[in-house]
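Chain by chain, the residues:
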Amino acid sequence: MMSNKRTRESVSAKLLPFFSMMAAAIFLFSACSDDYRSGESEIPDQPNIVIIYADDIGFGDVGIYGSELIPTPYMDEMARSGMKMTSAYATSSTCTPSRYSILTGEYAFRNERAQILDGDAPLLIDPDGFNIARMFRKNGYRTSIIGKWHLGLGEGEIDWNGVVKPGPLELGFEESFIIPTTTDRVPTVYVNGHNVENLDPDDPLYVDYNENFEGEPTGNSHPELLRYLADNQHSGSILDGVSRIGFQKGGASAMWNDEEMSIELVALAEEFISENKDNPFFLFFPLHQNHVPRIPNEKFLGSSETGLRGDHTVEFDWSVGEIVRILEEQGLRENTLLIITSDNGPIYDDGYDDGAIEDANGHVANGIYRGGKYTAFEGATRLPFIVNWPGVVEPGIVSDAKFSQVDLMASFASLLEIQLPDDTGIDSIDMLEVLLGKSFDGRPHILQQGAGRDHMGLRVGDWKLIPNPRVPGWVNPKHNERENPISTPMPTRDTIYLFNLADDPGETTNLADQQPEIVEDMMELYERILSENDITVLNGR
Ligand code: NG6
Ligand code: CA
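For clarity, every value in this text was computed on a predicted model and none was experimentally measured. (Residues numbered from 1 in each chain as written. Chains lettered and ligands numbered in written order. Predicted model: local features only at pLDDT ≥ 70, side-chain atom pairs only at ≥ 80, totals over all residues. Heavy atoms only, no water.)

Take the overall build of the protein next. When helices and strands are counted, the protein shows 14 helices and 20 strands. Across the 541 residues of the protein, 63% fall into the buried class. For the protein, long-range pairs separated by at least 24 residues make up 74% of all intrachain contacts whose partners lie at least 6 apart in sequence. In the form shown here, the protein has an accessible surface area of approximately 19,500 Å², with 48% of it arising from carbon and sulfur atoms. (Helix = DSSP H or I, 4+ residues; strand = E, 2+ residues; numbered from the N terminus. Buried < 20%, exposed > 50% of the residue type's maximum accessible area, 1.4 Å probe, protein only. Contact = heavy atoms within 4.5 Å. Areas by Shrake-Rupley, 256 points an atom, 1.4 Å probe, with all protein chains shown as cover.)

Ideal values differ by geometry: the angle at a metal is 109.5 degrees with four tetrahedral donors, but 90 or 180 degrees with six octahedral donors. Summarising the metal site, the calcium ion (ligand 2) is bound by the protein donors D55 (OD), D56 (OD), D343 (OD), D343 (OD) and N344 (OD1), whose distances to it range over 2.2 to 2.8 Å. Each of the 6 donor atoms around the calcium ion (ligand 2) contributes to a set of angles spanning 51 to 171°, which defines the coordination as irregular. Here the donor residues of the calcium ion (ligand 2) share one chain and are spaced in sequence as D-D-x286-D-N. With D55 in the loop between β1 (48-54) and α3 (73-80) and N344 in the loop between β13 (336-342) and α9 (378-381), this pair connects stretches of sequence that are 289 residues apart. (Donors = N, O, S within 2.8 Å, 3.2 Å for Na, K, Ca; no water. Tetrahedral: all angles 85-135°; square planar, octahedral: opposite > 155°, others 65-115°.)

Turning our eyes to something else, we now look at the pattern of salt bridges. If the charged atoms of two oppositely charged side chains come close together, the side chains can form a pair. For the coordinates displayed, the defined rule picks out 24 salt bridges. Among the ionic pairs, E322 bridges to R325, the shortest N-O distance being 2.7 Å. Taken as a pair, E322 and R325 lie in helix α8 (residues 307-329) at a separation of 3 residues, close to a single helical turn. We note a salt bridge from R325 to E329, for which the minimum N-O separation is 3.0 Å. (Salt bridge = Lys/Arg side-chain N within 4 Å of Asp/Glu carboxyl O.)

We now examine the sheet that holds strand β7 (residues 195-196). Within the open sheet, the 10 strands sit side by side as β7-β6-β5-β4-β12-β1-β13-β14-β2-β15. Their pairing is mixed. Every interior strand has two partners, whereas the edge strands, β7 and β15 (397-399), have only one. Direction of pairing for strand β4 (residues 142-148) relative to strand β5 (residues 175-179): parallel, over a ladder of 5 bridges. The residue bridging I145 from the neighbouring strand is S176, located in β5. Its contacts with the sheet put helix α7 (residues 261-275) on β4, β5 and β12 (281-286), and the angle it makes with β12 is roughly 175°. (Pairing = 2+ DSSP bridges. Axes fitted to C-alpha atoms, helices over the stretch in contact; angles between N-to-C directions.)

Between its first and last C-alpha, α7 extends 21 Å over 15 residues, near the 21 Å set by a 1.5 Å rise per residue. Within α7, the full set of buried residues consists of M261, S262, L265, V266, A269, F272 and I273. Each buried residue of α7 lies within a common arc of 120° when the element is viewed along its axis, so the set occupies one face. Buried residues in α7 make contact with β4, β5, β12 and α8. (Expected span 1.5 Å × (residues − 1). Arc of directions from axis to C-beta.)

Quick look at the site of ligand 1 now. Surrounding ligand 1, one finds 18 residues, the nearest of these being C95, D184, R185, H234 and K373. In this structure, an oxygen atom belonging to ligand 1 sits 3.4 Å away from a side-chain N or O atom of Q233. Here an oxygen atom of ligand 1 sits 2.8 Å away from a polar atom, N or O, in the side chain of K373. Protein contact buries 90% of the 450 Å² of open area that ligand 1 shows by itself. (Near = heavy atom within 4 Å. Polar contact = N/O pair within 3.5 Å; in protein donor to acceptor, adjacent residues only side chain to side chain.)

Below, the discussion takes up the side chain of T182. Mapped onto the secondary structure, T182 falls in the loop between β5 and β6 (191-192). A polar contact is formed between the side chain of T182 and the side chain of D184, at a distance of 2.4 Å. In this structure the side chain of T182 is engaged in a polar contact, spanning 3.1 Å, whose partner is the side chain of R185. In contact with T182, not counting residues within four places along its chain, are K148, H150, W256 and H291.

Interhelical geometry of α3 versus α8 gives an angle of 55° and a closest axis separation of 7 Å. Accordingly, the angle class assigned to the pair α3 and α8 is oblique. Every residue of α8 that contacts α3 at P73, Y74, M75 and M78 is listed here: F316, D317, W318, V320, G321 and V324. Looking at the contact of α3 with α8 residue by residue, the classes come out as 8 nonpolar, 1 polar and 1 charged. (Parallel < 35°, antiparallel > 145°, perpendicular 65-115°, else oblique. Nonpolar A, V, L, I, M, F, W, Y, C, P; charged D, E, K, R; others polar.)

Below, the structure is given as structure tokens:
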């Protein structure tokens, strides 16, 4: 297993013309450190895989990544007794595309529908195709998703009172208990398998994204019912004192309780893990923190020094601690590869006046990086990524190897010792050795999709190119700029940005004019990735 080293060297060799001398030196160094690191340890077959996936938690939000005002002892401990990655990326700065990439092993821009989905959007991923859940299931794993989905459901009109499908079950998850979209969108109910959980047939649930139902209170009509005000987009139907995007009516018994959400989802994870302690399992556990609306359980109020946004993050960390406790109690820690990461970078104000900016107290959610959610700067996709597997991943490793969440599919395939079908996971590179801290020879290039399909960043070595540095009009650029003390004004439409991350991790100094050759080489690579030409050269398969 893991005989992919030769392939990766040849990928890097192909790309050498794109690198500066310095990048070449780094490549040679990492090849050496690879040899040094290649451990003797046996990798057990068929470990359990648990991915705990945060929503909008940034590089600077986790203690071991530098946060001082948000205590995250459980994540910190997982990093200390495992590996902390510092150059691991989501594929996109928004939710749907990042999740799409994890499940399909493909960059999201290749599918034009793979953008932030509306609450009633149809299923995005082809139920007949290959995806990570199906891969695990075909290989003898029990598979479950518990938490946020946001990858569409059904085939068009959804009848929330009927059978809601296709969805996760049709993709290969055997169990599915999901928040269908985001917690700021209706319907504010869970979908358990094919049905809305706890729905009373005598009180059917109706959803409309365009028009309110007569007589139903909204944030706009009844601001006195709200804990905090919201922008117009988030001023639809109200639950738990918070207005959401869209309108709903009925389904009272099915409404989730925001404050209890983590506790309920953790309890379900506990059930799944204990029921399957004797079979290998894949648990995808995407939580809602700290996406808006931030409504932590009261026991977390005041647990951080940065207001609700921080408290919500502490609640996420508590869930991590609970999952570790459950694995421990079931005697599964040594046989479980645990990954903790996030879907996109941070944002403070994403539609609600929840005090995130006012209470930040100097906390910088994107750490030393620039930008956050919706942008193509490092802060948008470079995220905490913690890997823990006692006995396999050596404790205390800090890895700067470049890794993308899109690589999980091919890396897991390598772990399972299977070949991916030729036409699947085309952007996924087998990075198993990097994922397990056995190699620091990272992926040759990192594509970072901003909001929309044509706003991207590309990192090669320490060079970072933003070919089309604009942000869609609906995103308030101030939201990201305000968060980062080292930020520079948002670019104009026609500028190309080139940064050297080694000297300038905060992407403050545009070197595009000084380095036209690097820009040209990187543009060429960028076009090749976009056009899918030579994809086998690019992904090593
Ligand atoms: C945006 C929402 C934002 C958030 C985001 C999805 C508006 C103005 N903004 O459209 O609040 O819900 O979608 O976030 O509607 S994500 O993390 O799931 O991608
Ligand atoms: Ca998100």
